[in-house]
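# A structural walkthrough
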Amino acid sequence: MKEIRAIIRPEKMEEVLAALEKVGHPGVTVYQVEGHGRQAGLVEQFRGREFRVDLLPKIEVKVVCKDEDVEKIMQAIASAARTGEIGDGKIFVYEVIEALRIRSGERGEAAI
């Protein structure tokens, strides 16, 4: 099993969730996070003064899936989240050792 973590723009969240549902994987966890990569924040003006915003609002989407579903889920997220501009985000994939569905006691892939 794998865990896919995607950091995306907040305005793309609904499109990403719809894309995941379309490929048959509606189960997700979503977090509101802040950060920056190469984008390195913004310089904005407020009441005539310039100020720097180093940490930008982002959304982190987590999905746990079977190994064979990783590529289609990554492609669905990337296609839905892409604007072509800097700051579109990143996708990371991690190994999941075990899963347990608390309600039923199912383990492994049966639990996801």
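Since the structure is predicted, the reported quantities are computational estimates derived from the model, not experimental observations.

### Remarks on the environment of valine 53
Assignment of secondary structure puts valine 53 in strand S4 (residues 49-53). Taking the relative accessible area as the measure of exposure, valine 53 reaches 22% and is therefore partly exposed. Separated by 38 residues in the primary sequence, valine 53 and glutamate 15 have C-alpha atoms spaced 26 Å apart.

### Here we look at the environment of methionine 13
Residue placement: methionine 13 occurs in helix H1 (residues 13-22). Separated by 83 residues in sequence, methionine 13 and valine 96 place their C-alpha atoms 24 Å apart. Contacts of methionine 13, omitting those with residues within four sequence positions, involve Ile8, Val30 and Ile59.

Conventions used here
- Residues numbered from 1 in each chain as written.
- Predicted model: local features only at pLDDT ≥ 70, side-chain atom pairs only at ≥ 80, totals over all residues.
- Heavy atoms only, no water.
- Helix = DSSP H or I, 4+ residues; strand = E, 2+ residues; numbered from the N terminus.
- Buried < 20%, exposed > 50% of the residue type's maximum accessible area, 1.4 Å probe, protein only.
- Contact = heavy atoms within 4.5 Å.

Geometry only, nothing functional implied.
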